Amino acid sequence: MTAIKHALQRDIFTPNDERLLSIVNVCKAGKKKKNCFLCATVTTERPVQVKVVKVKKSDKGDFYKRQIAWALRDLAVVDAKDAIKENPEFDLHFEKIYKWVASSTAEKNAFISCIWKLNQRYLRKKIDFVNVSSQLLEESVPSGENQSVTGGDEEVVDEYQELNAREEQDIEIMMEGCEYAISNAEAFAEKLSRELQVLDGANIQSIMASEKQVNILMKLLDEALKEVDQIELKLSSYEEMLQSVKEQMDQISESNHLIHLSNTNNVKLLSEIEFLVNHMDLAKGHIKALQEGDLASSRGIEACTNAADALLQCMNVALRPGHDMLLAVKQQQQRFSDLRELFARRLASHLNNVFVQQGHDQSSTLAQHSIELTLPNHHPFHRDLLRYAKLMEWLKSTDYGKYEGLTKNYMDYLSRLYEREIKDFFEVAKIKMTGTTKESKKFGLHGSSGKLTGSTSSLNKLSVQSSGNRRSQSSSLLDMGNMSASDLDVADRTKFDKIFEQVLSELEPLCLAEQDFISKFFKLQQHQSIPGTMAEAEDLDGGTLSRQHNCGTPLPVSSEKDMIRQMMIKIFRCIEPELNNLIALGDKIDSFNSLYMLVKMSHHVWTAQNVDPASFLSTTLGNVLVTVKRNFDKCISNQIRQMEEVKISKKSKVGILPFVAEFEEFAGLAESIFKNAERRGDLDKAYTKLIRGVFVNVEKVANESQKTPRDVVMMENFHHIFATLSRLKISCLEAEKKDAKQKYTDHLQSYVIYSLGQPLEKLNHFFEGVEARVAQGIREEEVSYQLAFNKQELRKVIKEYPGKEVKKGLDNLYKKVDKHLCEEENLLQVVWHSMQDEFIRQYKHFEGLIARCYPGSGVTMEFTIQDILDYCSSIAQSH
């Protein structure tokens, strides 16, 4: 127990400036035995506070912890249960009765004795001790008035005392005078006994001699005792007085403690009240603004915005624990809720009226803009509404249901307004594309408003007629020698290009401005999101942008970017159909318009995707671009089909085929349109398809041609293709350009050889026989000895081809070639020059054979190379 007492004093009470006086090991009566210690302690500082402390061993470790403490002045009764028999049970009556069972009766008695002493010293016997042995209390009475209550705790001094220096010295002197003491202890003891008797006798005599002084001393002692008694009486009275003062001081100390505690509580209460007043008090001006503020003026909007922010701060204040249980707080929160609901209704009603008024005001300007190809400017409307942006943000965070209702109403009103504006805008564009009223009727537009009322069947019929016209043009172009892709000239196509560009240029800022306004006004962040389709907007027609909990708090959509895009789809739902109708009209006016539309649309899609690839504008233009690309591919397919359907005249020469001229026109137009365009790859693919179709069908027509030789058809058309590719310098068709050149060269040579034939036929047969003899092994100089090939036979053959006959044959040949070739390609002189070279080559070949096989014979031709050149030049000039 001493070790435990020491450990408790060190670990628990010394840090709290307390001293442990007594300890008892106890457990609660009638329950499971969970041992603990009751400790009697006093503080080391004045005023002294006496406590009974319950200490329990911790469950988590081998250490003790202070569990509860009672002030000894709160102890009313100590019940020991039995004053006669030994009983370890006892009760302590504090604010309630605590029943304990001590581990031993001795520990219980020691603890009660210590409590009795503390009661006597500090509490002036206020505690009642019941069933406590009087003997136990009498033993606890102190033996002297000055004895401390805690004197019993001091350790008893050991009876053994060490010798001091003087005593050691006397013993040493005595031992030196009796050296035999060690060897004869009996003699030494006897000597000491005799000397002691002598001293005792001397002492008795001295006492008897000083009896008088003793009597005097005793008398003085008696007087001193009387004086001590008087002093003790005075000290007792003083102690009683001091005890009264001590009690008063204890009461004052306790009163001061209560005053300090009260002041602390008052300060905390004031702090809580100030917190509530500062954070939950809404100014009267703000209340008035929320109830009656003018939402039409800038000053009123600013006042309402400030009031709404202040109200939101009051409603969102983080209340401390217990605040929500105060009636005043509940009332104030209800008042704030009523104000919020009232202002939310006022704001929603006012903004709905603004939306409706905007639709009426904007409609009055439609007539002015319908004349010009421009869309009305919504910037003033956006500027006016943006004044309410902060209030919309407040409404979004406080009443999402009304915020969502405003969003739906805005989409409904604006979608109808934009639908009227955009449809009128596209009708103007269609009229400008088709030109006059008669032309507009031709393409399905009629009526004063220029509405496109032609049905799908009439448009299809128009497409068939356009295709038939193009085929009839192709047939007529065989006779005309040139070809045009449509009835419209370059100026008409340029006009269409400008109108289409203006349409896109008007739509793009309109959509971007509206999207930017929606983001700012409805406080939606434009962050990255996965683009969706029009199908996602179907829920918008039902009037909800997101589902809600029963409490009105919105479930978040996939992202606020999706919400912006869905709103844009609802508001501008007519843009994509109108663009598709305009594209269909342009394609029916002239299929080559798809080139212009592909370039313009690609550029605008590229620009929109650089700004925001997931925006409504980017998605819509991307969808329309797919349609434009489909029309472009259809245009290419139609041209290839027309190539395959071309029929040539059997009575006239072929010349440049219509699809070759059309390819030239297409390539020239495409190169001018696609210069620095983003989708050059689409054009290169189209080139590859077209040139492949041109090559195949040129050869097909050449094989079917009856009036014009095959080589002429191939030569002229591939020469035209080669010239076109060389002039346009199309990088993706370099291989085809080389192929065209090779085909042109091969068929030119073939035609020259075929047409020239054997102008000196008999001479040619003669030398073929000579070459045959040489091939059989006869030496060239011995050929002249052959009967059929001697010099006389050679001279006879040569005489049959005088210069006059040669010139006549060449003249007939020139006429024949001129009849075969077409004028537009202007290849006559090229072919004639090639024939001249081929004739000279044959002439040189014959002369070489004469020189080798008939050396020294002096046989020569009737005409010279110069004569051939003169003949050819003269014939060309005469024609």
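Residues numbered from 1 in each chain as written. Predicted model: local features only at pLDDT ≥ 70, side-chain atom pairs only at ≥ 80, totals over all residues. Heavy atoms only, no water.

In the annotation of an unreviewed UniProt entry, the protein is listed under the name Exocyst complex component 1 and assigned to Rhinopithecus roxellana. Among the UniProt annotations of the protein, the heading Function (unreviewed entry) holds the following wording: "Component of the exocyst complex involved in the docking of exocytic vesicles with fusion sites on the plasma membrane." Listed under Subunit (unreviewed entry) in UniProt, the entry text for the protein is "The exocyst complex is composed of EXOC1, EXOC2, EXOC3, EXOC4, EXOC5, EXOC6, EXOC7 and EXOC8. Interacts with EEF1A1. Interacts with SLC6A9; interaction increases the transporter capacity of SLC6A9 probably by promoting its insertion into the cell membrane." (UniProt positions renumbered as here; feature names shortened; annotations may be inferred.)

J.: Honestly, the sheet that holds strand S3 (residues 50–57) in this entry has me stumped. Any pointers?
T.: The strands making up a sheet are joined through hydrogen bonds of the backbone, oriented either antiparallel or parallel. Across the sheet, which stays open at both edges, the 8 strands sit in the order S4-S3-S2-S1-S7-S6-S5-S8 with mixed pairing between neighbours. Taken across any chain shown, the strands that pair with only one partner, and hence form the sheet edges, are strand S4 (64–71) and strand S8 (128–130). Strand after strand, the sheet turns through a mean of 30° between neighbouring axes, direction not considered. Inspection of the sheet shows strand S5 (residues 77–79) paired to strand S6 (residues 89–93) by 3 bridges, in the antiparallel sense. Paired with Val77 across the bridge in S6 is His93. Across the face of the sheet, helix H1 (residues 2–13) comes into contact with strand S1 (18–28), strand S2 (36–43), S3 and S4 while running at roughly 115° to S1. (Pairing = 2+ DSSP bridges. Helix = DSSP H or I, 4+ residues; strand = E, 2+ residues; numbered from the N terminus. Axes fitted to C-alpha atoms, helices over the stretch in contact; angles between N-to-C directions. Contact = heavy atoms within 4.5 Å.)

J.: How should a negative patch on the surface be read in this particular structure?
T.: On the surface, Glu167, Glu168, Asp170, Glu172 and Glu176 cluster together into a negatively charged patch. Looking at the secondary structure, you find Asp170 in helix H4 (residues 165–177). A relative accessible area of 43% places Asp170 in the partly exposed class. (Patch = residues over 30% accessible without salt bridge, like charges linked within 9 Å, V, L, I, M, F, W, Y side chains within 5 Å. Areas by Shrake-Rupley, 256 points an atom, 1.4 Å probe, with all protein chains shown as cover. Salt bridge = Lys/Arg side-chain N within 4 Å of Asp/Glu carboxyl O. Lys, Arg positive; Asp, Glu negative; His and termini not counted. Charge placed at Lys NZ, Arg CZ, Asp CG, Glu CD. Buried < 20%, exposed > 50% of the residue type's maximum accessible area, 1.4 Å probe, protein only.)

J.: Would you mind showing me how to read helix H25 (residues 734–756) here?
T.: A turn of α-helix holds 3.6 residues, and therefore any two residues three or four places apart point the same way. Between its terminal C-alpha atoms H25 stretches 33 Å, which fits the 33 Å expected from 23 residues at 1.5 Å a residue. Within H25 the residues assigned to the buried category are Lys737, Ala740, Tyr744, His747, Leu748, Tyr751, Val752, Ser755 and Leu756. Lining the buried residues of H25 we find helix H23 (680–704), helix H24 (710–728), helix H28 (803–820) and helix H29 (828–853). (Expected span 1.5 Å × (residues − 1).)

J.: I tried to follow a nonpolar patch on the surface on my own but got confused; where do I start?
T.: Taken together, Val214, Leu217, Met218 and Leu221 make up a surface patch of nonpolar side chains, about 330 Å² in accessible area. With respect to the element layout, Leu217 can be found in helix H6 (residues 211–279).

J.: What is the right way to look at unusual backbone geometry in this model?
T.: With an omega of 0°, the peptide bond between Arg46 and Pro47 qualifies as cis. Looking at the secondary structure, you find Pro47 in the loop between S2 and S3. Within the chain, Lys523 stands out as a residue other than glycine whose phi angle is a positive 55°. Residue Lys523 is classed as partly exposed on the basis of its relative accessible area, which comes to 28%.

J.: I keep staring at the pattern of salt bridges and nothing clicks. Help me out?
T.: All told, the structure shown has 37 salt bridges when counted by the stated rule. Close ionic contact of Glu341 with Lys402 constitutes a salt bridge, the shortest N to O distance being 2.9 Å. Taken together, the positions of Glu341 in helix H9 (residues 327–363) and Lys402 in helix H13 (residues 400–434) put the pair 61 residues apart, joining distant regions of the chain. The residue Asp399 makes a salt bridge to Lys402 at a minimum N-O spacing of 3.2 Å. The class for Asp399 is buried, based on a relative accessible area of 15%.

J.: Sorry if this is basic, but what is going on with the environment of Glu419 here?
T.: Within the secondary structure, Glu419 is located in helix H13. Judged by relative accessible area, Glu419 falls into the partly exposed class, the value being 25%. Each C-alpha atom, one on Glu419 and one on Cys574, is 6.1 Å from the other, the two residues being 155 residues apart in sequence. Not counting residues up to four positions away in its chain, the partners in contact with Glu419 are Arg573 and Cys574.

J.: How do you make sense of the nonpolar core when you look at a structure like this?
T.: Here is a general trend for soluble globular proteins: nonpolar side chains tend to be buried in one another's company. In this structure, Tyr410, Val503, Phe666, Leu763 and Val831 are the most contacted members of the largest nonpolar core, which totals 173 residues. With 34 residues, the next largest nonpolar core counts Val42, Leu75, Ala80 and Ile127 among its residues. (Core = buried A, V, L, I, M, F, W, Y, C linked by side-chain atoms within 4.5 Å.)

J.: Any chance you could explain the packing of helix H16 (residues 490–521) against helix H20 (residues 593–611) here in plain terms?
T.: Between two packed helices, both the angle of their axes relative to each other and the distance between the axes serve to describe the pair. Between H16 and H20, whose axes approach to 10 Å, the crossing angle comes to 25°. Taken together, the axes of H16 and H20 are roughly parallel relative to one another. Note that H16 runs across H20; the crossing there is right-handed. Contacts between H16 and H20 pair Arg493, Phe496, Asp497, Phe500, Glu501, Leu504, Ser505 and Glu508 from the former with Asn593, Tyr596, Met597, Lys600, Met601, His604 and Thr607 from the latter. Classifying every residue of the contact of H16 with H20 gives 6 nonpolar, 4 polar and 5 charged. (Parallel < 35°, antiparallel > 145°, perpendicular 65-115°, else oblique. Left-handed = near helix turned anticlockwise from the far one by under 90°. Nonpolar A, V, L, I, M, F, W, Y, C, P; charged D, E, K, R; others polar.)

J.: Where do I start with the side chain of Gln243 in this structure?
T.: Along the chain, Gln243 turns up in helix H6. Its relative accessible area of 9% is what places Gln243 among the buried residues. In contact with Gln243, not counting residues within four places along its chain, are Arg121, Tyr122 and Arg124.

J.: I tried to follow the packing of helix H21 (residues 616–645) against helix H22 (residues 658–673) on my own but got confused; where do I start?
T.: Two numbers describe how H21 lies on H22: the axes approach to 10 Å, and their chain directions differ by 155°. Compared by their axis directions, H21 and H22 come out roughly antiparallel. Here H21 and H22 pass one another in a crossing that is left-handed. In this structure, H21 contributes Phe632, Ile636, Gln639, Gln642 and Met643 to the contact, and H22 contributes Phe659, Glu662 and Phe666. Tallied by class, residues from the contact of H21 with H22 come to 5 nonpolar, 2 polar and 1 charged.

J.: What's the story with the state of the cysteines in this structure? I'm lost.
T.: Cysteine pairs can be linked by a disulfide, which is a covalent bond between their two sulfur atoms. As enumerated under the stated definition, the model contains 0 disulfides in all. Counting only cysteine sulfurs, Cys36 is the nearest neighbor of Cys27, a cysteine outside any disulfide, at a range of 7.7 Å. For Cys27, a relative accessible area of 7% corresponds to the buried category. (Disulfide = S-S within 2.5 Å.)

J.: Got a minute to help me understand helix H18 (residues 560–571) in this structure?
T.: When the terminal C-alpha atoms of H18 are compared, their 17 Å separation across 12 residues agrees well with the 16 Å that a helix rising 1.5 Å per residue should span. Burial within H18 is extensive, with 11 of its 12 residues counted as buried. Buried residues of H18: Lys561, Asp562, Met563, Ile564, Arg565, Gln566, Met567, Met568, Ile569, Lys570 and Ile571, and no others.

J.: Help me out: how do you make sense of the pairing of strand S7 (residues 97–102) in this one?
T.: Remember that side chains alternate between the two faces of the sheet whenever the strand is regular. Burial of the side chains of S7 is restricted to one face: Tyr98, Trp100 and Ala102 are buried, whereas none of Ile97, Lys99 and Val101 on the reverse face is. Here S1 pairs with S7 via 3 bridges, running antiparallel. In the sheet register, Val26 faces S7, and the bridge partner there is Ala102. One ladder, built from 5 bridges, connects S6 with S7; its direction is antiparallel. Across the sheet, the residue bridging to Phe90 is Trp100, located in S7. Connecting S6 to the next strand, S7, in antiparallel fashion are 3 residues.

J.: How should the packing of aromatic side chains be read in this particular structure?
T.: The description of two aromatic rings rests on the distance between their centres and on the angle between their planes. What the rule picks out here adds up to 30 aromatic pairs. For the pair Tyr403 and Phe522, a centre-to-centre distance of 6.2 Å together with 75° between the ring planes defines the contact as edge-to-face. Separated by 119 residues along the polypeptide, Tyr403 in helix H13 and Phe522 in the loop between H16 and helix H17 (538–541) bring together distant segments of the chain. Each member of the pair Tyr403 and Phe522 is classed as buried. Seen from their ring centres, Phe572 and Phe616 are 5.9 Å apart, and the 25° between their planes marks the pair as stacked. Of this pair, Phe572 sits in the loop between H18 and helix H19 (575–589) while Phe616 is found in helix H21, placing the two residues 44 residues apart along the sequence. According to the relative accessible area criterion, Phe572 is buried, its value standing at 1%. Residue classification places Phe616 among the buried residues on the basis of a relative accessible area of 3%. Taken together, Phe355, Phe381, Tyr400, Tyr403, Tyr410, Phe517, Phe521 and Phe522 form an aromatic cluster joined through their ring pairs. The ring centre of Phe275 lies 4.1 Å from the NZ or CZ of Arg320, which sits over that ring. (Phe/Tyr/Trp six-rings, centres within 6.5 Å; stacked < 30°, edge-to-face > 60°. Lys NZ or Arg CZ within 6 Å of the ring centre and 35° of its normal.)

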